[in-house]
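Per-entry structural report
Below, each chain spelled out in residue letters.
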Amino acid sequence: MRYILRKFGLLLLTLWAAVTLNYALPRLMPGSPADAAVAKLSQNGPVAPSTRAAIEAQLGVPTGSWWHQYTQYLDNVVHLRFGVSYTFFPQSVSSMVGQALPWTLVMVGLVTVLAFVVGSLIGVAAAWRRGTWLDSLPTLSGAFLAAFPYFWTALLLVFFVGYVFGWFPTSGAYSADAVPNLSFGFVGDSLYHAVLPALTILITSLGGWILGMRNTMIGTIGEDYVTFAEANGLRGRTVALRYAARNALLPNLTGFGMALGGVVGGSLLVEQVFNYPGVGHLLYSAVTNHDYPLMQALFLMITVCVLVANFIVDVLYGVLDPRTRR
Amino acid sequence: MSLLDVKNLSVVYEPRGAEPTMAVKDASFRIEEGEFVGLVGESGSGKSTLGFALTRLAKPPARIAGGRILFDGTDVAALDSEQLRRQRHGGFAMVLQSGMNALNPVRTVGHHFADIFAAHGHVPRQRRRSRAVELLEKVELTGAVLDRYPGELSGGMRQRVSIALALSLEPRLMVFDEPTTALDVMVQHAVMRTIRELQEREGFTAVLISHDLGVVLESTARVMVMKDGVIVEDAPSREIFERPQHAYTRTLLGHYADPRAEVVELPGLPADGRRTAPAGGGRGRAAAQAAIVVEDVSRVYPGRRRGDTPVAAVREVSFRLEPGQSMALVGQSGSGKSTLAKLITGVEQPSSGTISFGDLRVDRLRRRKLHKLHADVQMVFQDPYAALNPLHTVEYALTRPVVNFTGRSGADARRRVLELLEIVGLTPVEQFAARLPHELSGGQRQRVVIARALAADPQVLIADEPVSMLDVSLRAGVLALLRDLREDFGVSLLYITHDLLSARMVTDRIMVLHEGRVVESGPTAQVLRFPEHDYTTRLLDSLPQPARRFAAAGSDGDAA
Amino acid sequence: MTSLPANPPSPTVPAAPVRTGALRALQVFGRSFGTVWSNGKARVGLVILAVFVLVAIFAPVLAPYSPHANDFTPDAGGSSAHLLGTTGAGEDVLSQLLYGARVSIVVGFVAGGLSTLVAVAVGLSWGYLRNWLGEVVNFVVNLFLVVPGLPLMIIIAAYLQNGGLPVIVLVVVITGWAWGARVLRAQTQSLRSRDFVTAALFSGESASRVVFREILPNMTSMIAGSFFGAATAAVLAESGLSFLGLGDPFTVSWGSMLYWAQNSNALLTGQWVLLFAPGLCVALLATAMTLVNFGVDGLSNPRLREGNGR
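The structure presented is a predicted model; accordingly, all values stated were derived computationally and were not measured. (Residues numbered from 1 in each chain as written. Chains lettered and ligands numbered in written order. Predicted model: local features only at pLDDT ≥ 70, side-chain atom pairs only at ≥ 80, totals over all residues. Heavy atoms only, no water.)

1. Remarks on the packing of aromatic side chains
Evaluated as defined, the whole model comprises 22 aromatic pairs over all chains. The interplanar angle of 85° and the centroid separation of 6.1 Å between the aromatic rings of Trp103(A) and Tyr276(A) together place this pair among those described as edge-to-face. With Trp103(A) in helix H5 (residues 93-128) and Tyr276(A) in the loop between helix H10 (236-274) and helix H11 (279-288), this residue pair connects regions lying 173 residues apart in the sequence. A connected cluster of aromatic rings, assembled from ring pairs, spans Phe144(A), Phe148(A), Trp152(A) and Phe276(C). Above the plane of the ring of Trp37(C) lies Arg43(C), whose end atom (NZ or CZ) is 5.8 Å from the centre. (Phe/Tyr/Trp six-rings, centres within 6.5 Å; stacked < 30°, edge-to-face > 60°. Helix = DSSP H or I, 4+ residues; strand = E, 2+ residues; numbered from the N terminus. Lys NZ or Arg CZ within 6 Å of the ring centre and 35° of its normal.)

2. Some points on the domain arrangement of chain B
All names here are of chain B. The domain boundaries assigned to chain B delineate domain 1 (32-66 + 76-254) and domain 2 (285-301 + 309-547). Spacing between the C-alpha centres of domain 1 and domain 2 amounts to 36 Å. Listed by partner, the interface residues are 12 residues for domain 1 and 16 residues for domain 2. Note on domain 1 versus domain 2: buried area summed over both sides is about 1300 Å², and carbon and sulfur give 61% of it. Our count for the domain 1 to domain 2 interface comes out at 0 salt bridges. At the junction of domain 1 and domain 2, the tally comes to 1 residue pair in polar contact (both at pLDDT 80 or more). Those elements that provide at least two residues to the side of domain 1 that touches domain 2 are helix H6 (185-202) and helix H7 (213-219). In terms of residue count, H7 provides more of the side of domain 1 that touches domain 2 than any other element does, 4 residues in total. Residues belonging to the side of domain 1 that touches domain 2 are distributed by class as follows: 5 nonpolar, 3 polar and 4 charged. (Domains from an automatic or database assignment. Contact = heavy atoms within 4.5 Å. Buried area = accessible area lost by both parts, 1.4 Å probe. Salt bridge = Lys/Arg side-chain N within 4 Å of Asp/Glu carboxyl O. Polar contact = N/O pair within 3.5 Å; in protein donor to acceptor, adjacent residues only side chain to side chain. Nonpolar A, V, L, I, M, F, W, Y, C, P; charged D, E, K, R; others polar.)

3. Focus on the environment of Gly78(C)
Residue and element names in this part refer to chain C. Within the fold, glycine 78 resides in the loop between helix H3 (59-62) and helix H4 (93-128). A relative accessible area of 61% places glycine 78 in the exposed class. Glycine 78 sits 15 residues away from valine 93 along the chain, and the two C-alpha atoms are 9.4 Å apart. (Buried < 20%, exposed > 50% of the residue type's maximum accessible area, 1.4 Å probe, protein only.)

4. Some thoughts on the interface of chain C and chain A
Contacts between the two partners involve 43 residues from chain C and, on the opposite side, 45 residues from chain A. Of the roughly 4100 Å² buried between chain C and chain A, counting both surfaces, carbon and sulfur atoms make up 84%. Counting across the chain C and chain A interface gives 0 salt bridges. Viewed at the interface, chain A and chain C are joined by 3 residue pairs in polar contact (both at pLDDT 80 or more). A per-element tally of the side of chain C that touches chain A places helix H13 (residues 272-296) of chain C first, with 11 residues. Across the side of chain C that touches chain A, the residue classes break down as 33 nonpolar, 8 polar and 2 charged.

5. Section: the pattern of salt bridges
Should their charged atoms come close, side chains of opposite charge can pair. This structure, assessed with the given rule, holds 42 salt bridges over all chains. As a salt-bridge pair, Arg242(A) and Asp115(B) come within 3.5 Å of each other at their nearest N and O atoms. Here Arg242(A) is found in helix H10, whereas its partner Asp115(B) is found in helix H3 (residues 109-120) on a different chain. The partly exposed category is assigned to Arg242(A), whose relative accessible area is 44%. On the basis of relative accessibility, which here comes to 6%, the residue Asp115(B) falls in the buried class. A salt bridge links Arg222(B) to Glu35(B); the nearest nitrogen and oxygen atoms lie 3.1 Å apart. A residue pair is termed long-range when its members are at least 10 positions apart, and Arg222(B) in strand E9 (residues 222-227) and Glu35(B) in the loop between strand E2 (21-31) and strand E3 (36-40) qualify at 187 residues. One network of salt bridges, in which partners are shared, links Arg127(B), Arg131(B), Glu134(B) and Glu170(B).

6. Some thoughts on the pairing of E9(B)
Residue and element names in this part refer to chain B. Burial analysis of E9 places 5 of its 6 residues in the buried class, which makes it a mostly covered element. Sheet topology note: the E3/E9 ladder contains 4 bridges and is parallel. Of the residues in E9, the one forming a bridge with valine 37 is arginine 222. Where E9 meets strand E10 (residues 230-236), 6 bridges bridge the pair, whose relative direction is antiparallel. In the sheet register, valine 223 faces E10, and the bridge partner there is alanine 235. The antiparallel hairpin formed by E9 and E10 contains 2 residues in its connecting segment, where aspartate 228 sits at a positive phi of about 50°. (Pairing = 2+ DSSP bridges.)

7. With respect to the UniProt feature "transmembrane region" (unreviewed entry) in chain C
All names here are of chain C. Per the UniProt record, "transmembrane region" (unreviewed entry) is found at residues 44-63, 103-129, 136-159, 165-184, 215-237 and 273-296. Within residues 44-63, the helical portion is 90% and the strand portion 0%, while the C-alpha atoms at the span's ends are 25 Å from each other. Taken as a whole, residues 103-129 contains 96% helix and 0% strand, while its terminal C-alpha atoms sit 38 Å from one another. (UniProt positions renumbered as here; feature names shortened; annotations may be inferred.)

8. Structural notes on the sheet that holds strand E18 (residues 492-497) of chain B
All names here are of chain B. Here we have 6 strands laid out as an open sheet, ordered E16-E17-E18-E13-E19-E20, and mixed in their pairing. The open sheet has two free edges, formed respectively by strand E16 (377-380) and strand E20 (517-523), since each of these has just one partner strand. On average, adjacent strands in this sheet sit at an angle of 15° to one another, irrespective of strand direction. Two elements, strand E13 (residues 326-330) and strand E19 (residues 509-514), share 4 bridges in a ladder whose sense is parallel. When the bridges of E19 are listed, alanine 328 appears paired with isoleucine 510. Running at roughly 155° to E18, helix H16 (residues 472-489) makes contact with E13, strand E17 (460-464) and E18 of the sheet. On top of the sheet, helix H19 (residues 534-541) reaches E19 and E20; it is set at about 95° to E19, its chief contact. (Axes fitted to C-alpha atoms, helices over the stretch in contact; angles between N-to-C directions.)

In structure tokens, the structure reads:
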């Protein structure tokens, strides 16, 4: 319990640090992102004073004390006031983020967890059958796949599976004529559209999990408790899963938390290739249009999601390792 | 028919990218039902490899290269993996070296039992818990440990749990591989007693693998001595003790003596401190001039986590180490003896009390002033494998203190380095100077460590368990070297150890430390022969004393 | 004690063989290289890596045309004049591919080197911090570890519009040092508690000598490992940023080739080589460095550093 409370405290502290980083970034940059943003926005018509204030609070103007700016900024973040997007004028930034986030959370989130589970299982098998083809095949192909840039895997799948064979749609999250709802037909349609982006993330992130699990499991197989379990005549599956793999899982879980940021980053590029309407795609539009308010809000949301995911991993670790309970 | 019949067994060790070595060469022996047999040898003798082969736990790079192991008439090597797994119940079981890591850290003790019962199905589900409690009681534990995780148990308790787990298989043959090595002397003693009593009561056949001939002679009816993969002697324990045939057995046996005896002698270490080697190169400075004075020193460590109670490692210790004196500091691990060494050498500061050396106040020394202290107070480390940087040659390791403390440099410094190597007996000196640590044996490394401590021309040497990591046959040489050095150079020696025998051999005075306090001190021979404090007596009693057993057993010999 | 002549030409005490400075470093390097080379996977990686480095150096010699020459027939397939065809803008694909190696190699080595430098500096000093300051560093490093790197890079690169390679290198270093720092700190902590480090203190060594002669050399494999790790990440990050058009799109790199290929709909025109080749190069280079790391792991075992025989 104390462990979980401590991790929760750490989460709050990290969240605060991430928000502050988000506050500091545009202010550290040369030029004035805020002025540029207001100028860009004024192309769409007169800028309301409240909108201007929100943008200035977020991106920084050289007026007012930094403390005043900072508290105002924190206030805005807590109330999810991120201003107006000028790429998608007059939509508010929060509504844009709100539309994009579910697509990414569901697709990237599920696939990442799936990849970790599948990769770890393959790693367990490879370590347990060390030296056989069951080991060398996944290890070598894992090392190769892990070196693929995410967007390149995406491009290859788009080209071969999408264009050449035409098995799956290569663009968007659902058919152009469909209206988002929770009907059976629409969910099926969006799953169909999610196949290629999901496959991309699965293929590219799998290698890392395979290698990680295999290497730690080879370590635990050499431990005395595994030898002793064998000496006591436990069944092979019990020894492999409850003794060797169960202990190898712990460091890999920590590794999973650490690597999440990288996987999410890679998935953003995947969304861009597939025109998938998630945060990655939106971030790309924001960046190319210099839509700074949208960009900052997206970065903040991505960071918060990764931090919360990390906290969940920490809690899971606490549940799995009795040593944290003391 | 013998329970175990081993014929011409050879085990080869084939590490990748290195020459294969024969770990066990052509071993043949039989073990009868109900016998308790010891297997003794030093590190690298192949005794553990043999143990693993007997229980078919040998894994690559070890491979059985020839011969047969018949267990109750069936060839063990012929069993397929499922047959092998099944026969672990009611067949052969093994207790591993240092039970510390033999239990799965994420499963409770109860789960460990349940896993075994489930694998063999020999205990019905509703009887499992009571059966586990029964087994735990046999090793003097209670059912309360069932719900504990291994991390919550002490080392001795964990080893007892491993024994109970092995017992739960109802084995006909139990192999104990160094079951007490990683444990403290007193715990060792208690666990060995449990093993002995169990074997008598349950009547299983047992093999006890150990590097400690004393422990084996105390427990077993028959001993096999192994050296370089060969069983060089196989005889009843009493014969081994009274009429050892092989020279190597005699060497091993020679290192057992009772520290309580009136005169204690070891091969290479005569009792009266006569020189064992011609005097080495002397030195300019005379004997030590200053005493180390420790007054009322305590060291308290904060609890490991917030909220834990602080741990007092050293409590109100006072003593003087006079110039040229040799004093032993003995106690179990956790008695505070190593902490005291850190305090005296200025590596750590005491929480209260004062330590002085001459006019230096050691307890107040800043890190930068340590240089001044270390010019006169040097340290010999416990683990010769850890005390030398693997990347530096012997010459580099010795040149640094010579340059830093004696002001010599260039050829002059080199001359001194070679001289030091000569003093510690590493000749030809030129060759040893050029070597890297991994090209040296353990004993040679420890000599380099001693030479490095001498390089500063110190007045005081602090030796922290200098021989505990070395094989028995190498210990005497290093101890003799320490004793000679003290005489030749007149340095004071603070000898920290858990080993009472070696303390008796190299020191004049002794202090017994228990839970951070000095419980007894005085002239070494007197304290060890006529201990006054209860703790000292218990410490002495826990030493393996084969002589005691055979003397007590009288003429009818081998009753264990 | 008698004083000795300044330089005694004593025949019994030959001067120590000078194994100092550059020569010794070279020896250590040679031995380490041999260890890495002896690992099959690492050997494959080293060969691939060497090929890419050579291509980068000799690109002007190897490339048939200038990578910027755009006066060829656009969107052409492979022919004897253009082995891999031409781009939508009429440039020679093979020439671009060869020149593109330069960017990846430079970014990989420079950004990898710089972030390793930061990692070593932070890791070493952090390993020596014990009080609350260590906790603060721990927090900062963890923050940089969990904050998703690529989005951060994208944001920074977006602010520093089209800054070209230096910006990419900077961004990769900012987001890439934390992992190495953490690994090296753990190693520093374990090394500094070793007896031989305490022994160096007893030998009267200064703090800097303890760090640079005792601790640092024992971390060679870790440092090499984090260098190749960081370099791999840098190569991948550069290609990703360039692919998004956040580098300088007019610098010829594998990432920018993909950017233009995507923008000119190379898929629709059937120019699959244009998509396939640059990505394959990135993947091969990154794989090569991962493979080298398999061998670098062997370095940490001192038994493998066999001297000149006994």
